[in-house]
Amino acid sequence: MDIKLNEHFLDVKETYLFSDIAKRVKRFQEENPGREIIRMGIGDVTLPIPASITSAMEEAVKEMASKDSFHGYPPEYGYEFLRSAISGHYKAIGADSVTPESIYVSDGAKSDLGNLPDILGDNPVIIPDPVYPVYVDSNLMNGRKISFVNGTKDNDFLPEPPADTDIEPSVIYICSPNNPTGAVYSYEGLTAWVNFALRTGSLIIFDAAYEAFISEDKPHTIYEIPGAESCAVEISSFSKFAGFTGLRCGWTVVPDTLEAGGIKLSKFWARRQATKFNGVSYITQKGAAASLSGKGFEDCLANIAYYKRNATMLANVFKDRGIYFTGGVNSPYIWLKCPGDMGGWEFFDSILTRFGIVGTPGEGFGENGRGFFRLTAFGSYENTKKACDLFRTL
Ligand SMILES: *Cc1c(COP(=O)(O)O)cnc(C)c1O
């Protein structure tokens, strides 16, 4: 063919991270038949969806089977019952300003993160390093220029806004609690970013996918920070909170107060969604709503408490061993410094061969991930306990 392709896709680095990991694990298994593998590399939940939620979905399935209660295309931005439930959740975590009308229900945070650049022009993009790779790749695909702010041991992987005063209006990505580092911004830390965005005329895209893991006094949503309703959209998800990674449901908040060049961002986002997206199934939205109230909510919190117990157990081992790490408190992730100045892959091979433990080398999340390592607490209690006993011998 002679058509032109979007050659910006060539700028996206092929990532071999997870296929590389799979290859090394496979080789290890072939060379060590029968040896147990403890998988702590997964970024997916493992506990099933609580019955209090699946039963709401079963009811919804029955409704679909009856002429009187059948539902066709869902409303483009989500059913009112779910948008209200999400708005209610925001009130409960301390943000009164998030109205049901500002909430756009979607099939997940990753989709929204990937689609948001559709409504934005050619702005400079500021992204922390290390980071969840979707932010970088979705901007590269649109030919955007990216600059990085560094997360390092010195700032405990919570980069501060650039000190320069003459920064062009930019699009800034923030993920807190962070994947992969588990680090969470304090009120002061997040306020600094909101003030920076307000001062430079920038937009913050705030990823709150791990909000429900916060147990210390840290901001659950960017809308707890004064001024955020004039400079930030927030993206969140039922994936890690309610175990919906396989069901698919998330949302984006676009406050009506967000404007650029006299145009409301909500107008463009509404248009984008109505044009390219036909909504989330009624059944899924019924399940999502059930996860935000009564027994469903309690059951989700219990699952999160299960993962957090794993995280605490891991954190305690590295604390006792004097190994530097972030996360493990308000997050299912532990981000540790590889002992003895090892690189991430070297440490990967070392704990695989010695312990049969699989994790993720920090190198997969950016330059600053070099020599760091991500472990997840999404496994079973029994396996995490076994891993902890092994790590104690490091
Ligand atoms: C898991 C995760 C999400 C959730 O994505 P979904 O598409 O809703 O499953 C979003 N952001 C980060 C940083 C994540 O780790």
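Structure shown above.
Just so it is clear, the model here is predicted, and its values are computed rather than measured.

## Details of the pattern of salt bridges
Scanning the entire structure with this criterion turns up 13 salt bridges. Here Lys264 and Glu259 are joined by a salt bridge, their closest N and O atoms 3.6 Å apart. Taking the relative accessible area as the measure of exposure, Lys264 reaches 31% and is therefore partly exposed. A relative accessible area of 47% places Glu259 in the partly exposed class. With a closest N to O distance of 3.3 Å, Lys337 and Asp341 form a salt bridge. Residue Lys337 is classed as partly exposed on the basis of its relative accessible area of 23%.

## Topic: the packing of aromatic side chains
Applying the stated criterion to the full structure yields 28 aromatic pairs. Ring geometry for Tyr135 against Tyr173: centres 5.0 Å apart, planes inclined by 25°, an arrangement best described as stacked. With a gap of 38 residues between them, Tyr135 in helix H5 (residues 134-140) and Tyr173 in strand E5 (residues 171-175) connect regions that are remote in the sequence. Considered together, Tyr135 and Tyr173 belong to a single accessibility category, that of buried residues. Taking the centre distance of 5.2 Å and the plane angle of 55° together, the rings of Phe318 and Phe391 count as tilted. One end of the pair, Phe318, is in helix H10 (residues 294-321); the other, Phe391, is in helix H12 (residues 381-391), and 73 residues separate them in sequence.

## Considering the nonpolar core
The biggest cluster of nonpolar side chains holds 53 residues, and the ones touching the most others in it are Ile86, Tyr90, Trp193, Ile204, Ile222 and Phe238. Ranked by the residues each element gives to this core, the list is headed by helix H6 (residues 187-200), at five residues. The residue makeup of this core includes at least three contributed by each of domain 1 (13-49 + 295-391) and domain 2 (52-293). When near neighbours in sequence (up to four residues on either side) are disregarded, Ile222 contacts Leu190, Val194, Ile204, Phe206, Ala228, Ala232 and Glu234.

## As for the site of the ligand
Neighbouring the ligand are 14 residues; Tyr210, Ser237, Ser239, Lys240 and Arg248 lie closest to it. One of the backbone N or O atoms of Ala109 is found 2.7 Å from an oxygen atom in the ligand. Compared with its free state, where it exposes 390 Å², the ligand has 93% of that area covered by protein. Elements represented by at least two residues in the shell around the ligand include exactly helix H4 (109-115) and helix H7 (239-242). Split by residue class, the shell around the ligand holds six nonpolar, four polar and four charged.

## Quick notes on the environment of Leu116
Assignment of secondary structure puts Leu116 in the loop between H4 and strand E3 (125-129). The spatial distance from the C-alpha of Leu116 to the C-alpha of Gly322 is 41 Å, given a sequence separation of 206 residues. Once residues within four sequence positions are removed from consideration, Leu116 is found in contact with Ile205, Val233, Ile235 and Trp269.

## Remarks on the state of the cysteines
Using the criterion set out here, one finds zero disulfides in the structure. Not part of a disulfide, Cys175 finds its nearest cysteine sulfur in Cys231, a span of 17 Å. Cys175 sits in the buried class, given a relative accessible area of 5%. The thiol of Cys300 is not disulfide-bonded; the next cysteine sulfur, from Cys249, is found 12 Å away.

## Considering the packing of helix H2 (residues 51-64) against helix H9 (residues 282-290)
Interhelical geometry of H2 versus H9 gives an angle of 150° and a closest axis separation of 8 Å. In terms of their interaxial angle, H2 and H9 are classed as roughly antiparallel. The way H2 lies across H9 gives a crossing that is right-handed. Facing H2, whose interface residues are Ser52, Ile53, Ala56, Met57, Ala60, Val61, Glu63 and Met64, H9 presents Tyr282, Ile283, Thr284, Lys286, Gly287 and Ala290.

## Some points on the side chain of Thr384
Looking at the element boundaries, Thr384 is found in helix H12. A distance of 3.5 Å separates a polar atom in the side chain of Thr384 from a polar atom in the side chain of Asn310. Among all residues touching Thr384, those that are not within four sequence positions of it are Met40, Asn310, Met313, Leu314 and Gly379.

## Structural notes on the packing of helix H1 (residues 17-31) against helix H11 (residues 344-355)
How two helices sit against one another is set out by the angle between their axes and by the gap between those axes. Running from N to C, H1 and H11 point in directions that differ by 30°, and their axes come no closer than 11 Å. Judged by the angle between their axes, H1 and H11 are roughly parallel. Like other packed secondary-structure pairs, H1 and H11 cross with a definite hand, here right-handed. Residues Leu17, Asp20, Ile21, Arg24, Val25 and Phe28 of H1 form the contact with H11, whose participating residues are Trp345, Phe348, Asp349, Leu352 and Thr353. Tallied by class, residues from the contact of H1 with H11 come to seven nonpolar, one polar and three charged.

Cut-offs used in this document
Residues numbered from 1 in each chain as written. Predicted model: local features only at pLDDT ≥ 70, side-chain atom pairs only at ≥ 80, totals over all residues. Heavy atoms only, no water. Salt bridge = Lys/Arg side-chain N within 4 Å of Asp/Glu carboxyl O. Buried < 20%, exposed > 50% of the residue type's maximum accessible area, 1.4 Å probe, protein only. Phe/Tyr/Trp six-rings, centres within 6.5 Å; stacked < 30°, edge-to-face > 60°. Helix = DSSP H or I, 4+ residues; strand = E, 2+ residues; numbered from the N terminus. Core = buried A, V, L, I, M, F, W, Y, C linked by side-chain atoms within 4.5 Å. Domains from an automatic or database assignment. Contact = heavy atoms within 4.5 Å. Near = heavy atom within 4 Å. Polar contact = N/O pair within 3.5 Å; in protein donor to acceptor, adjacent residues only side chain to side chain. Areas by Shrake-Rupley, 256 points an atom, 1.4 Å probe, with all protein chains shown as cover. Nonpolar A, V, L, I, M, F, W, Y, C, P; charged D, E, K, R; others polar. Disulfide = S-S within 2.5 Å. Axes fitted to C-alpha atoms, helices over the stretch in contact; angles between N-to-C directions. Parallel < 35°, antiparallel > 145°, perpendicular 65-115°, else oblique. Left-handed = near helix turned anticlockwise from the far one by under 90°.

From the geometry alone we can't say anything about function, so treat these as descriptive.
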